[in-house]
Amino acid sequence: MAELRKIPNLDGLVEIFPRVFHDDRGYFLESFREDWLTNLGIEERWVQDNQSFSQKGTVRGLHFQHEPHAQAKLVRVVSGKVLDVVVDLRKDSPTFGKYFSTVLDSERFNLFYVPKGFAHGFAVLEDAVFVYKCSNYYNRESEGGILWNDPALAIDWGVSDPIISEKDKLWPSIQEFKEQTGGLS
């Protein structure tokens, strides 16, 4: 069975460490089991898998989808290493605006469950193939984001001179987001 670690102080986040079986041929692991989450009371229907490649120094995020297209995500790295970051944007959450980060890499094989209501992003510490399951389909009109380098969040991304998309440079600060929306439902 995998080791499941609930993240203290940010309700709903779970890091998963699957059992890995090594031998002379290489390794084997179960990269997903529905019961990992259902045993914690998390019921998700996964409808879309995504994969990206990013070179070292890239920062992607912080992204989310507005209702009715909000997405929970189950993320992992197939090769390389990233610093995975989530920010709580849930309207009535006592931890609104707080973030959590963890390193996902192809040596530990860890996964990270991100529920709806969180912005998600990652910094690429080594060239990486990043894969994730989504509980809802991507919808361009529902796309949202928070400025990745907002001083109010004070996230240490672990990369200098990051490669950022033009879109990710234009998202609102957490304060502007809160003033505009009040948070995510």
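For the structure itself, look to the data block above.
A few points on the structure. (Residues numbered from 1 in each chain as written. Predicted model: local features only at pLDDT ≥ 70, side-chain atom pairs only at ≥ 80, totals over all residues. Heavy atoms only, no water.)

1. So, the overall build of the chain
- A count of helices and strands for the chain gives 2 helices and 11 strands.
- Secondary structure elements of the chain, listed N to C terminal, follow the sequence β-β-β-β-α-β-β-β-β-β-β-β-α.
- Computed over C-alpha atoms, the radius of gyration of the chain comes to 16 Å, within 12% of the 16 Å expected from 2.2 N^0.38 for 185 residues, which places it in the range of a compact globule.
- Taken along the three principal axes of its C-alpha coordinates, the chain extends 55 × 40 × 30 Å.
- Here the chain holds 185 residues, and 50% of them are scored as buried.
- Carbon and sulfur atoms form 46% of the exposed surface of the chain, whose accessible area is close to 9800 Å².
- Averaging the locations of the 21 positively and 28 negatively charged side chains of the chain gives two centres separated by 2 Å. (Helix = DSSP H or I, 4+ residues; strand = E, 2+ residues; numbered from the N terminus. Rg over C-alpha atoms; globule rule 2.2 N^0.38 Å. Buried < 20%, exposed > 50% of the residue type's maximum accessible area, 1.4 Å probe, protein only. Areas by Shrake-Rupley, 256 points an atom, 1.4 Å probe, with all protein chains shown as cover. Lys, Arg positive; Asp, Glu negative; His and termini not counted. Charge placed at Lys NZ, Arg CZ, Asp CG, Glu CD.)

2. Section: the layout of surface pockets
- Empty space within the largest pocket amounts to approximately 480 Å³.
- For the lining of the largest pocket, the elements supplying multiple residues, two or more each, are β5 (48-54), β6 (59-65) and β10 (118-134). (1 Å grid on protein atoms, 1.4 Å probe; cavity = no way out; pocket = protein on both sides within 12 Å on 5 of 7 lines; lining within 4 Å. Points joined across faces, edges and corners; volume = space filled by probe spheres on them.)

3. As for the packing of aromatic side chains
- The tally for this structure, following the rule as stated, stands at 7 aromatic pairs.
- Between W46 and Y113 the ring centres are 6.4 Å apart and the planes differ by 80°, which places this aromatic pair in the edge-to-face class. With a gap of 67 residues between them, W46 in the loop between α1 (34-38) and β5 and Y113 in strand β9 (residues 111-114) connect regions that are remote in the sequence.
- Its relative accessible area of 3% is what places Y113 among the buried residues.
- Seen in terms of ring centroids, W148 and W157 are 6.2 Å apart; in terms of plane orientation they differ by 65°. Their pairing is edge-to-face. Per residue, the accessibility class of W148 equals that of W157, and both read buried.
- Members of the aromatic cluster, joined through ring pairs, are F122, F130 and Y132. (Phe/Tyr/Trp six-rings, centres within 6.5 Å; stacked < 30°, edge-to-face > 60°.)

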